[in-house]
Amino acid sequence: MPKNSASNIKGLLINYTVRIVLTTVLSVFVQSLLFSFIVLQFDIDLELLKYFGVIITILSSIIISYVSTIGFKNNVMLLSVISVIPLLLLSIINFAVNNGSTTAILIKILGIILCSILVSVIKVSKKLR
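First things first, this report covers the structure right here in the doc. (Residues numbered from 1 in each chain as written. Predicted model: local features only at pLDDT ≥ 70, side-chain atom pairs only at ≥ 80, totals over all residues. Heavy atoms only, no water.)

A tally of regular secondary structure across the protein chain gives five helices and zero strands. Along the protein chain, helices (α) and strands (β) appear in the sequence α-α-α-α-α when read from the amino end. Projected onto its principal axes, the C-alpha coordinates of the protein chain cover approximately 55 × 30 × 30 Å. Going through the 129 residues of the protein chain one by one, you find that 31% of them count as buried. Excluding contacts between residues fewer than 6 apart, the proportion of contacts in the protein chain whose partners are at least 24 apart in sequence is 71%. In the structure as shown, the protein chain presents an accessible area of about 8800 Å², 74% of it carried by carbon and sulfur atoms. (Helix = DSSP H or I, 4+ residues; strand = E, 2+ residues; numbered from the N terminus. Buried < 20%, exposed > 50% of the residue type's maximum accessible area, 1.4 Å probe, protein only. Contact = heavy atoms within 4.5 Å. Areas by Shrake-Rupley, 256 points an atom, 1.4 Å probe, with all protein chains shown as cover.)

Moving on: the side chain of Ser 27. Mapped onto the elements of the fold, Ser 27 is located in helix H1 (residues 6-42). In this structure Ser 27 comes out as buried when scored by relative accessible area, which is 7%. Filtering out sequence-adjacent residues up to four positions away, Ser 27 remains in contact with Ser 60 and Ile 63.

Membership of the largest hydrophobic core is limited to six residues, which are Val 28, Ile 64, Val 84, Leu 87, Leu 88 and Ile 112. In contact with Ile 112, other than residues within four places in its own chain, are Thr 57, Ser 61, Val 84, Leu 87, Leu 88 and Ser 91. (Core = buried A, V, L, I, M, F, W, Y, C linked by side-chain atoms within 4.5 Å.)

Those residues of helix H3 (residues 76-83) not exposed but buried are Val 76, Leu 79, Ser 80 and Ser 83. For H3, the angular spread of the buried residues around the axis is 100°, confining them to a single face. (Arc of directions from axis to C-beta.)

The next point concerns the packing of aromatic side chains. Tallying each qualifying case throughout the model produces two aromatic pairs. Ring geometry for Tyr 16 versus Phe 72: centroids 5.5 Å apart, planes at 85°, classification edge-to-face. Residue Tyr 16 is found in helix H1, and its partner Phe 72 is found in the loop between helix H2 (49-68) and H3; the two are separated by 56 residues along the sequence. Relative to Phe 52, the ring of Phe 35 lies with its centre 5.1 Å away and its plane at 35°, an arrangement referred to as tilted. Linking Phe 35 in helix H1 with Phe 52 in helix H2, this pair joins segments that are 17 residues apart in sequence. Assigned by exposure class, Phe 35 and Phe 52 land together as buried. Sitting over the ring of Tyr 66, Lys 123 keeps its end group 4.8 Å from the ring centre. (Phe/Tyr/Trp six-rings, centres within 6.5 Å; stacked < 30°, edge-to-face > 60°. Lys NZ or Arg CZ within 6 Å of the ring centre and 35° of its normal.)

As structure tokens, this is what we get:
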């Protein structure tokens, strides 16, 4: 296997960062759109929206962790946790602006981190087989 040159690493880092940003934006947008459609179609009570927010956040962290670590062989767990930092920041800013529930933000933070670790463990175990 050839050694990585400095220009190759720079391109790899840019690719990784772009993948994180695009996956975060698209994942949250598409899932929000889907859950909004479900709420409108089935006339679900608006009190349940905070639970949908937790579901969207956790599903997004799974998608982001999986997509952003495609093509990496080493340090998958670290890269997986780093990839969900924009989603963590988005959740914390949303909590600060909207005066959300403290328990909901704690569940989101723990869910984001645990799901990203879980995805990386699953990816590594599949590679070992």
